[in-house]
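# Chain and residue survey
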Amino acid sequence: MKLYSAPMPAPNPRRVRIFLAEKGLAVTEEFLDFAKREHKGETHRRRNSLGQVPTLELEDQTTISESVAICRYFEALQPQPPMFGRTPFEQAEVEMWTRRVEFVLTQPVGNFWRHAHPRTSALLTQYKDFGESNREGWNRAVAWLDRELEGRSFIAGDSFTIADVCALTTVDFAAWIGLPVAPELARLSDWRAKVSARPSAKA
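The sections below set out a description of the structure shown in this document. Just so we're clear, the structure is a prediction, and the values are computed from it rather than from any experiment.

### Observations regarding the pairing of strand β1 (residues 2–5)
Sheet analysis places β1 next to strand β2 (residues 28–31), joined by four bridges and oriented parallel. Bridge assignment links S5 to a residue of β2, and that residue is F31. On the question of chirality, the crossover connecting β1 to the parallel β2 by way of helix α1 (residues 11–23) is right-handed. Pairing of β1 with strand β3 (residues 55–57) involves three bridges; the strand directions are antiparallel. Bridge pairing links L3 to L56 in β3.

### Quick word on the packing of aromatic side chains
Taken as a whole, this structure holds seven aromatic pairs when the rule is applied. When the centroid spacing of 6.0 Å and the interplanar angle of 50° are considered together, the rings of W113 and W176 count as tilted. Here the residue W113 occupies a position in helix α4 (residues 88–116), and W176 occupies one in helix α6 (residues 162–177), the gap between them amounting to 63 residues. Residue classification places W113 among the partly exposed residues on the basis of a relative accessible area of 22%. Its relative accessible area of 40% is what places W176 among the partly exposed residues. Look at F154 and F160: their rings are 6.1 Å apart centre to centre, the planes differ by 75°, and that puts the pair in the edge-to-face class. Members of the aromatic cluster, connected to one another through ring pairs, are W113, F173 and W176. Across from the ring centre of Y4, 3.6 Å away, lies the NZ or CZ of R47, which sits over that ring.

### Some words on the packing of α4 against α6
The relative placement of two packed helices is expressed as an angle between their axes plus a distance between the axes. Packing of α4 against α6 brings their axes to within 9 Å, and their N-to-C directions diverge by 15°. On the basis of the axis angle, α4 is roughly parallel to α6. As α4 runs across α6, the sense of the crossing is left-handed. Between α4 and α6, the residues in contact are V94, W97, T98, V101, L105, T106, V109, F112 and W113 and I162, A163, C166, A167, T170, V171, F173, A174, W176 and I177, respectively. Here the residues of the contact of α4 with α6 are counted per class, giving 16 nonpolar, three polar and no charged.

### Topic: the environment of R187
With respect to the element layout, R187 can be found in helix α7 (residues 186–196). For R187, a relative accessible area of 36% gives the class partly exposed. Spatially, the C-alpha atom of R187 lies 37 Å from that of H39, the residues being 148 residues apart in sequence. Polar contacts involving the side chain of R187 include one to the main-chain carbonyl oxygen of D146, which spans 2.7 Å.

### With respect to the nonpolar core
The nonpolar side chains of soluble globular proteins are, as a tendency, buried together. In terms of nonpolar packing, the biggest core is built from 48 residues, with L105, W138, L145, I155, I162, L188 and W191 touching the most fellow members. Where this core is concerned, the elements lending two or more residues are α1, α3 (67–77), α4, α5 (128–148), α6 and α7. With 10 residues, α6 is the single largest residue contributor to this core. Residues in contact with L105, not counting those within four places in the same chain, are R100, W138, A141, V142, L145, A167, T170 and V171. Ranked by size, the runner-up nonpolar core spans five residues in total, among them Y4, A6, L32 and V53.

### So, the sheet that holds β3
Pairing is mixed in the open sheet, where four strands are placed in the order β2-β1-β3-β4. Edge positions in the open sheet fall to β2 and β4 (63–65), since each of these has one partner strand only. For this sheet the average axis-to-axis angle between neighbouring strands, irrespective of direction, equals 20°. Summarising the sheet, β3 and β4 pair through three bridges and their orientation is antiparallel.

Definitions and cut-offs
Residues numbered from 1 in each chain as written. Predicted model: local features only at pLDDT ≥ 70, side-chain atom pairs only at ≥ 80, totals over all residues. Heavy atoms only, no water. Pairing = 2+ DSSP bridges. Helix = DSSP H or I, 4+ residues; strand = E, 2+ residues; numbered from the N terminus. Right-handed = clockwise from strand over helix to strand, strands pointing away. Phe/Tyr/Trp six-rings, centres within 6.5 Å; stacked < 30°, edge-to-face > 60°. Buried < 20%, exposed > 50% of the residue type's maximum accessible area, 1.4 Å probe, protein only. Lys NZ or Arg CZ within 6 Å of the ring centre and 35° of its normal. Axes fitted to C-alpha atoms, helices over the stretch in contact; angles between N-to-C directions. Parallel < 35°, antiparallel > 145°, perpendicular 65-115°, else oblique. Left-handed = near helix turned anticlockwise from the far one by under 90°. Contact = heavy atoms within 4.5 Å. Nonpolar A, V, L, I, M, F, W, Y, C, P; charged D, E, K, R; others polar. Polar contact = N/O pair within 3.5 Å; in protein donor to acceptor, adjacent residues only side chain to side chain. Core = buried A, V, L, I, M, F, W, Y, C linked by side-chain atoms within 4.5 Å.

Written as structure tokens, this is what we have:
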């Protein structure tokens, strides 16, 4: 199988690399050249009609896209260590927190990236005021997550899960595009330092 991907700082491909590292799995990875728009070319759109990465191509040429869906596939292949929860309750809790991270945390980052960052200005019509307004949304989101982390070692329970992977890649990408975490958010900063110290975070 082959993972069509992109290097740092692209957050969604990094999710899969971190997940694979936690599982101890190795998969052939091919980076697409974003500057040359290879991910939007006809060849890649046959793999993923949206022209996005990551996309996993299996031995029979079928494909799976969307980072969490790809991680679920690998979870089924390699259940240990469990990254989507062990019991029915844990699985529901991990799903809940993964969705919250994607909707509450990731949405303002994506909006800011598309509409306020100079690197994307040539790719779409930017609405700068809307883009900049997402700074406030980001600050609210990280303040909320900081409160939720009180008494928690990880985002969804007592072990490192896909929810932490999604949150870390989002927080790191946000910092790269100019949306840092305020230093007074001590719980979030401590969590970030702890999960960033895991060997998989270097993926």
